[in-house]
Amino acid sequence: MVEVCELWTVILSLIVVKLCHWIYQWNNPKCKGKLPPGSMGFPIIGKTFEFMKPHDAIQLPTFVKEKAKRYGPVFRTSLFGAKVIISTDSGLNIEMAKTNHVPGMPKSLARLFGENNLFVQSKESHKHVRSVTTQLLGSQGLKLRMMQDIDILTRTHMEVGARNGGLDVKETVSKILIECLAKKVMGEMEPEAAKELTLCWSHFPKGWFRISWNIPGNGVYRMMKAKKEMIKILKKLVLKKRASGEELGEFFKTLFGEMEGGEEKISVESAIEFIFVLFLIANEATPSVLAATVKLISDNPKVMQELKREHERVVQDKNHEEEKKKASLTWEDYKLMTFTQMVINESLRITSTSPTVLRIIDHEFQFGDYTIPAGWIFMGFPSVHFSPEKYDNPLAFNPWRWKEKDLTAIVSKTFIPFGAGSRLCLGADFAKVVMASFIHHLCRYRWSMKTETKILRRFTLMFPGGSDIQISEDTEVDNSAE
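Residues numbered from 1 in each chain as written. Predicted model: local features only at pLDDT ≥ 70, side-chain atom pairs only at ≥ 80, totals over all residues. Heavy atoms only, no water.

Q: Lay out the pairing of strand β3 (residues 82–87) in plain terms, naming residues and giving numbers.
A: The two faces of the sheet receive side chains in turn, since in a regular strand these alternate between them. Taking burial as the measure, the six residues of β3 include five buried ones, the bulk of the element. A loop of two residues connects strand β2 (residues 74–79) with β3, the two strands running antiparallel in sequence, and Phe80 in this loop sits at a positive phi of about 55°. (Buried < 20%, exposed > 50% of the residue type's maximum accessible area, 1.4 Å probe, protein only. Helix = DSSP H or I, 4+ residues; strand = E, 2+ residues; numbered from the N terminus. Pairing = 2+ DSSP bridges.)

Q: Mind laying out the packing of helix α13 (residues 301–316) against helix α16 (residues 338–351), listing which residues take part and the relevant values?
A: The interhelical angle for the contact between α13 and α16, taken along N-to-C directions, is 140°, at an axis separation of 8 Å. The angle between α13 and α16 places the two elements in the oblique class. Contacts from Val303, Glu306, Leu307, Glu310 and His311 in α13 reach Thr338, Phe339, Thr340 and Val343 in α16. When the residues that make up the contact of α13 with α16 are grouped by side-chain class, the tally is four nonpolar, three polar and two charged. (Axes fitted to C-alpha atoms, helices over the stretch in contact; angles between N-to-C directions. Parallel < 35°, antiparallel > 145°, perpendicular 65-115°, else oblique. Contact = heavy atoms within 4.5 Å. Nonpolar A, V, L, I, M, F, W, Y, C, P; charged D, E, K, R; others polar.)

Q: Tell me about the environment of Glu310, and name the residues and values.
A: Locating Glu310 in the fold gives a position in helix α13. A relative accessible area of 5% places Glu310 in the buried class. Taking C-alpha positions, Glu310 is 7.9 Å from Thr340, a pair spaced 30 residues apart along the chain. If we skip the residues at most four places from it in the chain, Glu310 touches Leu336, Met337, Thr338, Phe339 and Thr340.

Q: Before we move on, could you go through the pattern of salt bridges and cite the residues and values that matter?
A: Between side chains of opposite charge, a pair can form when the charged atoms approach closely. What the rule picks out here adds up to seven salt bridges. With a closest N to O distance of 3.9 Å, Lys47 and Glu50 form a salt bridge. Between Glu346 and Arg349 there is a salt bridge, and its shortest N-O distance comes to 2.9 Å. Placement of both Glu346 and Arg349 in helix α16 is noted, with a separation of three residues, approximately one turn of the helix. Just as Glu346 is buried, Arg349 falls in that class too. Connected through salt bridges with shared partners, the residues Lys47, Glu50 and Lys67 form a single ionic network. (Salt bridge = Lys/Arg side-chain N within 4 Å of Asp/Glu carboxyl O.)

Q: Pulling in residues and values, what's your account of the sheet that holds strand β10 (residues 456–458)?
A: Across the sheet, three strands lie side by side as β1-β10-β11; this open sheet has antiparallel pairing. Looking at the sheet topology across the chains shown, the edges are occupied by β1 (55–56) and β11 (460–462). Sheet analysis places β10 next to β11, joined by three bridges and oriented antiparallel. Within β11, the residue paired with Arg458 across the bridge is Thr460.

Q: Which residues make up the sheet that holds β3, and what are the values?
A: Spatial ordering of the open sheet is given by β2-β3-β8-β5, a layout of four strands whose pairing is mixed. Unpaired on one side and paired on the other, β2 and β5 (357–360) mark the two borders of the sheet. Mean inter-strand twist for the sheet, computed between neighbouring axes without regard to direction, equals 25°. When β2 meets β3, the two strands line up antiparallel, connected through six bridges. By the bridge assignment, Phe75 is partnered in β3 with Ile86. Of the strands in this sheet, β2 and β3 are in contact with helix α3 (residues 62–71), which crosses β2 at around 135°.

So yeah, pure geometry; function would need other evidence.
Structure, rendered in structure tokens:
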């Protein structure tokens, strides 16, 4: 009996020693040089729960501000089971964006995107897809192919909302994006297939960016289930169209190399995975930012007044009464919306409170006295957006600060809402056009958003009470008056 007790004592002692050694190694990662200061938290969990606490969307996360105050602009931690370097240093963020090309993400996102998805492959392997995406979503593609579709869809959804007495901005913009992209990517779809695809998106979990454990019933599990169903629908549509000789959308045809006698460059499966992620990113980012923009406009009567004046002028500049009635937007109209683009830039600046540079560090990097090791995830937060040295009264929503500045620039040393480097967001111009179109049609009505509408961020933007606005058909601004 004594021997058994001694054996168990030895076993437990070894377990405790091993556990302590594991915890020590976790909190003191190996590095050839001197790691940035910080705390790794508990093994696996790290500081994830602290990092993911909801916070005011118009400020950097409390976690980042507190740690930067304690450790400095660059520190180490552990999030989502991964070793992470967090930076609020603008120069380092830009440098890491330029010299590292593989996007960094927790396992939940990597699993969602798929290990072989072209979004997360090396710079070289996704060059073809990047080129094709630019053709669709770049300024030239928008001007030639998508401007009219965006305008028609936005006007239609706005009219439906007005007849119903109101609409949810985030949900409405999400529908506009999916319908617009689906048409360009897939071509004409049967109503039933379009309905199934829309239904899948509506069931997609809102908090999909979270801890990566795939447990039945949790967000990751529902996320993977929704992905599987959407991929199935998309694949069925593509194969059916190719078998019957039906036209696919321009994007798919170019992607497969079917235009201008090209050769097929990627498989159907890879193309569908890419399309899924394209839809996912568009569906998450732009609707949330636009909903936040509408809230900021609603809270600032002078901004709303100036926007209405600008968009009334856009309609009045039409040459024919029929054009005035339809109020169809052209690329030239969009380029003339100077104040609208000032509002969009200011909204992008003040709502960019999540990391805009996400990379896997592919080579060891020296930053001052510190060594940033290869293999870690790098998260660069755009703290420069809130620097009093760069922006006067940075927490104030002030579109006039952009007066006489280059409104076409989507990245600079002091403005990085769309990231930087080889992974600069390809949909930047597309997002700005969608936002401008929505604001244009919204300004043709008298509308309001509840003052108590809250905007929080838990990595992604959140609207706990929805993003509803009140709008009615009989309050449309009279644009016929001179």
